[in-house]
Amino acid sequence: MEMKKELPQIFDSFAEARKNGFLAVKKIKDSGKGVVGQFCTYTPLEIFMAAGLVSVSLCSTSDETIPDAEKDLPGNLCPLIKSSYGFAVTDKCPYMYFADLVVGETTCDGKVKMYELLAKKKNLHILQLPRNQFTPESKALWRSEIVRLKERVEKDFGVTITDDMLRDAIHKRNEERRLLKELYELSTLCPPPITGLRQLQILFGSQFKFDWKEKTEEIQNAINQIKSGYEAGERPVSIDAPRILITGCPMGGVTEKVVKVIEEAGGVVVAYENCTGAKQMDRQCSEEGDPITNIAEHYLQIGCSIMTPNPNRFELLGRLCEQFKVDGVVEMTLQACHTYAVESHTVKTFLKEKNIPYLQLETDYGTADIGQLSTRAGAFVEML
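For the structure given in this document, a descriptive report is provided here. (Residues numbered from 1 in each chain as written. Predicted model: local features only at pLDDT ≥ 70, side-chain atom pairs only at ≥ 80, totals over all residues. Heavy atoms only, no water.)

## A closer look at the nonpolar core
- Within the largest apolar cluster, 121 residues are counted, with the highest numbers of intra-cluster contacts made by Ile47, Phe48, Leu118, Val153, Ile246, Ile262 and Leu351.
- Top contributing element to this core by residue count: helix α8 (residues 163-184), with 7 residues.
- Excluding residues that lie within four positions of it along the chain, Ile262 makes contacts with Ile244, Ile246, Gly267, Val269, Val330, Ala377 and Val381. (Core = buried A, V, L, I, M, F, W, Y, C linked by side-chain atoms within 4.5 Å. Buried < 20%, exposed > 50% of the residue type's maximum accessible area, 1.4 Å probe, protein only. Helix = DSSP H or I, 4+ residues; strand = E, 2+ residues; numbered from the N terminus. Contact = heavy atoms within 4.5 Å.)

## With respect to the packing of aromatic side chains
- Scanning the model with the defined rule gives 12 aromatic pairs in all.
- Summarising the aromatic geometry, the rings of Phe314 and Phe350 are spaced 5.3 Å apart at their centres and angled 65° between planes, so their arrangement reads as edge-to-face. In this pair, Phe314 is assigned in helix α14 (residues 311-323) and Phe350 in helix α15 (residues 338-353), connecting sequence segments 36 residues apart. Like Phe314, the residue Phe350 is buried in the burial classification.
- Connected via pairs of aromatic rings, a cluster forms that spans Phe11, Phe14, Phe22, Tyr97 and Phe98.
- Lying over the aromatic face of Phe14, Arg18 brings its terminal NZ or CZ to 5.5 Å of the ring centre. (Phe/Tyr/Trp six-rings, centres within 6.5 Å; stacked < 30°, edge-to-face > 60°. Lys NZ or Arg CZ within 6 Å of the ring centre and 35° of its normal.)

## Considerations on helix α13 (residues 291-300)
- Burial analysis of α13 places 8 of its 10 residues in the buried class, the great majority of the element.
- Those residues of α13 lying buried are Pro291, Ile292, Asn294, Ile295, Ala296, His298, Tyr299 and Leu300.
- Looking at the buried side of α13, the elements it contacts are α2 (45-50), α7 (136-157) and α8.

## What to know about the sheet that holds strand β6 (residues 268-272)
- Ordered by their spatial adjacency, 4 strands build an open sheet running β6-β5-β7-β8, and the pairing between neighbours is parallel. The open sheet is flanked by β6 and β8 (358-363), the only strands paired with a single partner. Taking each pair of neighbouring strands and ignoring which way they run, the sheet shows an average axis angle of 30°.
- On top of the sheet, helix α11 (residues 256-264) reaches β5 (243-248), β6, β7 (328-334) and β8; it is set at about 140° to β6, its chief contact.
- Lying over the sheet, helix α16 (residues 370-383) contacts β5, β7 and β8, oriented at roughly 170° with respect to β8. (Pairing = 2+ DSSP bridges. Axes fitted to C-alpha atoms, helices over the stretch in contact; angles between N-to-C directions.)

As structure tokens, then:
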């Protein structure tokens, strides 16, 4: 297939960091590798890894392109959806710009309808995700969707993906999950050896490392450095800092502001239950038996609010609260994210039964609400 290798016309207007992102992906494309962009934790990255492709999470954590998106999309839509679309139509995201294939999924209604518009501009594949994780029909549908994605990748990139290739990819992804889990579980220590902001930046940043070997070595080095510093007596966090778990919508980019206001108020974020954290790293994918079935089963069991019912989210949330000895839970909900907003009532009730204080913070990708967030987070931390 023909692969876009030229830089966008507006390249010279970008800041140095953005230019570096474009040049990094262009180098990959010039080497002959294909690039797949994805939005969601439900997307099975093992398929792309097995095909020898580079996969990357697409830009969607800034309000930079939202005005451009709102020319086509309604203003009262989730900022993640508007940001995703805006980066696609403005050529400001290197990963979206150079992606030979973009993979979306039928999670929330807003995303599904946005993908119809995006398909007019990008080579798009949509995974039909069931809303139930346990019925035979749901499992059969999702397995067939994994097969359909595999066949689409084979067709678009002129490759054949064998079972052995998939098994090798599962093994490598499991190693990556194991290392990232080992890293965030360092914060079970009291006091934790790193701030919540540093933990988030490592977890979020790992999505933009393109070489698996280099990525896993960097994560291992980060673990070693954190451990050695702690053993040498480094204590970046006070032992008295209230321990906070964050749940809710995906985090990264502008939404770091939620972590910052918590930690500036004297708390420390020790765990992230959301897609950026434990939700995608907590479990291993089975390496025994049929790899397609294993991949399908592994990804379908992610506990997202789009699932109904959604017991897996609450099993993980309860377990993390105990494991990390949390003093309180903060749920970050993006404006107009209806599934998480509605499920927040269930989360609040679940935590009340465990006598764990709970705070919901609704926000967007702007910075105008930092004062309000700071006031509410400060009062919550002080109460703890």
